[in-house]
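The chain contents come next:
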Amino acid sequence: MKHNRNYDDAPVDRTPDPQLVPVHFEFKDPKATTVCLAGTFNHWQPDSKTLDSSGVGHWWKDTALEPGAYEYCFVVDGNWMPDPLAKETVPNPFGGKNSLLRVACSPEAAHLADAENLPLKNEHEQ
């Protein structure tokens, strides 16, 4: 059996690739004929992520992304628009807004991030 010297000294405990997290996008428009997704996760190339259609105006796309923050827009029949269901938006260089998606590294981290944004309720207030 031959050994390759370049690999013999390689560390056994290699760092794994970042874990991909499932992400679900939805859009509703009964008049839309094509809905795509463009963002920093696909180099703003809408043709690479076309949403699936139910045939009655409900569009969706399931994908997986590395943890992090991503800007994106829907492209509906050629018109770019932010996601109406997005929790956050940021200004874009064209005078509009991009949706902001924060992908947590685990479901627990996602729930914690959501909880941090909830208003506090004082049970003693009337």
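As a starting point, this report considers the structure included with it.

To continue, consider the environment of Leu51. In this fold, Leu51 is placed in the loop between strand 2 (35-39) and strand 3 (52-53). The spacing of Leu51 and Val35 is 16 residues in sequence and 5.6 Å in space, taken between C-alpha atoms. In contact with Leu51, other than residues within four places in its own chain, are Phe27, Val35, Cys36, Leu37, Trp59, Trp60, Lys61 and Phe74.

A few words now on the nonpolar core. Counting residues in each nonpolar core, the largest one holds 17 residues, and the members touching the most others are Phe25, Val35 and Phe74. Elements supplying a minimum of two residues to this core: strand 1 (21-28), strand 2, strand 4 (58-65), strand 5 (68-76) and strand 8 (97-103). In this structure Val35 touches Phe27, Thr50, Leu51, Trp59, Phe74, Val75 and Val76, once residues within four positions along its chain are discounted.

Scanning the entire structure with this criterion turns up one salt bridge. As a salt-bridge pair, Arg102 and Glu88 come within 2.8 Å of each other at their nearest N and O atoms. Of this pair, Arg102 sits in strand 8 while Glu88 sits in strand 7 (residues 88-91); the two residues are 14 residues apart in sequence, bridging distant segments of the chain. Accessibility expressed as a relative area gives 53% for Arg102, which makes it exposed. Classification of Glu88 as partly exposed rests on a relative accessible area of 31%.

The next thing to look at is the sheet that holds strand 3. Where strands meet in a sheet, backbone hydrogen bonds hold them as pairs that are either parallel or antiparallel. In space, the three strands of this open sheet follow the order 1-4-3, with antiparallel pairing throughout. In this open sheet, the two edge strands, each paired with only one partner strand, are strand 1 and strand 3.

The full count for this structure, using the stated rule, is seven aromatic pairs. Ring plane angle 70° and centroid distance 5.2 Å describe the contact between Phe25 and Tyr72, whose orientation is recorded as edge-to-face. Pair noted here: Phe25 is in strand 1 and Tyr72 is in strand 5, with a separation of 47 residues, a long-range link. Accessibility classification places Phe25 together with Tyr72 in one group, the buried group. With centroids separated by 5.0 Å and ring planes inclined at 50°, the aromatic side chains of Phe27 and Phe74 adopt a geometry described as tilted. With Phe27 in strand 1 and Phe74 in strand 5, this pair connects stretches of sequence that are 47 residues apart. Here the two residues Phe27 and Phe74 agree in accessibility, since each one is buried. An aromatic cluster of three or more residues is present, and its members are Phe25, Phe27, Phe41, Tyr70, Tyr72 and Phe74.

Scoring rules and cut-offs
Residues numbered from 1 in each chain as written. Predicted model: local features only at pLDDT ≥ 70, side-chain atom pairs only at ≥ 80, totals over all residues. Heavy atoms only, no water. Helix = DSSP H or I, 4+ residues; strand = E, 2+ residues; numbered from the N terminus. Contact = heavy atoms within 4.5 Å. Core = buried A, V, L, I, M, F, W, Y, C linked by side-chain atoms within 4.5 Å. Buried < 20%, exposed > 50% of the residue type's maximum accessible area, 1.4 Å probe, protein only. Salt bridge = Lys/Arg side-chain N within 4 Å of Asp/Glu carboxyl O. Pairing = 2+ DSSP bridges. Phe/Tyr/Trp six-rings, centres within 6.5 Å; stacked < 30°, edge-to-face > 60°.

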